[in-house]
Amino acid sequence: MNIKKLPLFFSFLLLSIVFISCESNEANSLIAGKWNVTEMIGGFSKPKNYKIGSITWTFDTDKKILSIKNNLIVTNTTNNDFTKNETGDYNYKIETENEIDYLIIKNRKGAIKSNEDGFMIDFGIAYDDIGYILKR
């Protein structure tokens, strides 16, 4: 590599790292901690409302683990199913595409949409999939 181009290369590399970390830090700071699923919408059924504490999601943003505690259903399986809100720990990542942050768990990808009360994760409501509304 040409010595004259090294400062430009490192400047670009540093700027890229800062830009990428800012994108994910915003989403991580939004979802960090314990949340209550208050409503599930979409799919082929009517929206379902839940009392605070019925289903909780806790995001450990350092380890990238979502811990779900579902106090409504009891499962006796070791193969937890995120799509059924089963109690368990799930690895996740956040990716940004076209200025939209997405929560990705296994093969599921949901857009993170913040609002004044909390946030929503839309896994494709327009396509008969589901969305979760979460509040503190």
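Okay, so let's go over this structure. (Residues numbered from 1 in each chain as written. Predicted model: local features only at pLDDT ≥ 70, side-chain atom pairs only at ≥ 80, totals over all residues. Heavy atoms only, no water.)

1. Considerations on the overall build of the protein chain
Piece 1. The secondary structure content of the protein chain amounts to 1 helix and 10 strands.
Piece 2. In the protein chain, buried positions account for 35% of the 136 residues.
Piece 3. Taking contacts inside the protein chain between residues at least 6 apart in sequence as the whole, the part at least 24 apart equals 39%.
Piece 4. Total accessible area on the protein chain is roughly 9,000 Å²; 55% of this is exposed by carbon and sulfur atoms. (Helix = DSSP H or I, 4+ residues; strand = E, 2+ residues; numbered from the N terminus. Buried < 20%, exposed > 50% of the residue type's maximum accessible area, 1.4 Å probe, protein only. Contact = heavy atoms within 4.5 Å. Areas by Shrake-Rupley, 256 points an atom, 1.4 Å probe, with all protein chains shown as cover.)

2. Observations regarding the packing of aromatic side chains
The description of an aromatic ring pair rests on the distance of the ring centres and on the angle between the ring planes.
Piece 1. Under the defined criterion, the tally for this structure stands at 10 aromatic pairs.
Piece 2. Between the aromatic rings of Phe59 and Tyr92, the centroid separation amounts to 5.5 Å while the plane-to-plane angle is 85 degrees, which identifies the pairing as edge-to-face. Within this pair, whereas Phe59 is found in strand β3 (residues 55-60), its partner Tyr92 is found in the loop between β5 (88-91) and β6 (93-97), the two being separated by 33 residues in sequence. No difference in accessibility class separates Phe59 from Tyr92, as the two residues are buried.
Piece 3. When the centroid spacing of 5.8 Å and the interplanar angle of 70 degrees are considered together, the rings of Phe82 and Phe123 count as edge-to-face. Taken together, the residues Phe82 in the loop between β4 (65-70) and β5 and Phe123 in the loop between β9 (118-122) and β10 (130-135) connect sequence positions 41 residues apart. Of the two residues examined, Phe82 and Phe123, each falls in the buried class.
Piece 4. These aromatic residues form a ring-pair network of at least three members: Trp35, Trp57, Phe59, Phe82, Tyr90, Tyr92, Phe119, Phe123 and Tyr132.
Piece 5. Here the guanidinium or amino end of Arg108 rests over the ring plane of Phe123, the centre of that ring lying 4.6 Å away.
Piece 6. When the ring centre of Tyr102 is taken as reference, the NZ or CZ atom of Lys109 above it lies at 4.8 Å. (Phe/Tyr/Trp six-rings, centres within 6.5 Å; stacked < 30°, edge-to-face > 60°. Lys NZ or Arg CZ within 6 Å of the ring centre and 35° of its normal.)

3. Some remarks on the nonpolar core
Piece 1. Formed by 24 residues in total, the largest nonpolar core has its most connected members in Trp57 and Phe59.
Piece 2. Apart from the residues lying within four places of it in its own chain, the contact partners of Trp57 are Gly33, Lys34, Trp35, Val37, Leu66, Ser67, Ile68, Phe82, Asn85, Ile121, Tyr132 and Leu134. (Core = buried A, V, L, I, M, F, W, Y, C linked by side-chain atoms within 4.5 Å.)

4. Some remarks on the pattern of salt bridges
Piece 1. In the structure shown here, the tally under the stated rule is 5 salt bridges.
Piece 2. Across the pair Arg108 and Asp129 runs a salt bridge, and its minimum N-O distance is 2.9 Å. A residue pair is termed long-range when its members are at least 10 positions apart, and Arg108 in strand β8 (residues 108-114) and Asp129 in the loop between β9 and β10 qualify at 21 residues.
Piece 3. Note that Asp122 and Lys113 form a salt bridge whose closest N and O atoms lie 3.1 Å from each other.
Piece 4. Taking the relative accessible area as the measure of exposure, Lys113 reaches 40% and is therefore partly exposed. (Salt bridge = Lys/Arg side-chain N within 4 Å of Asp/Glu carboxyl O.)

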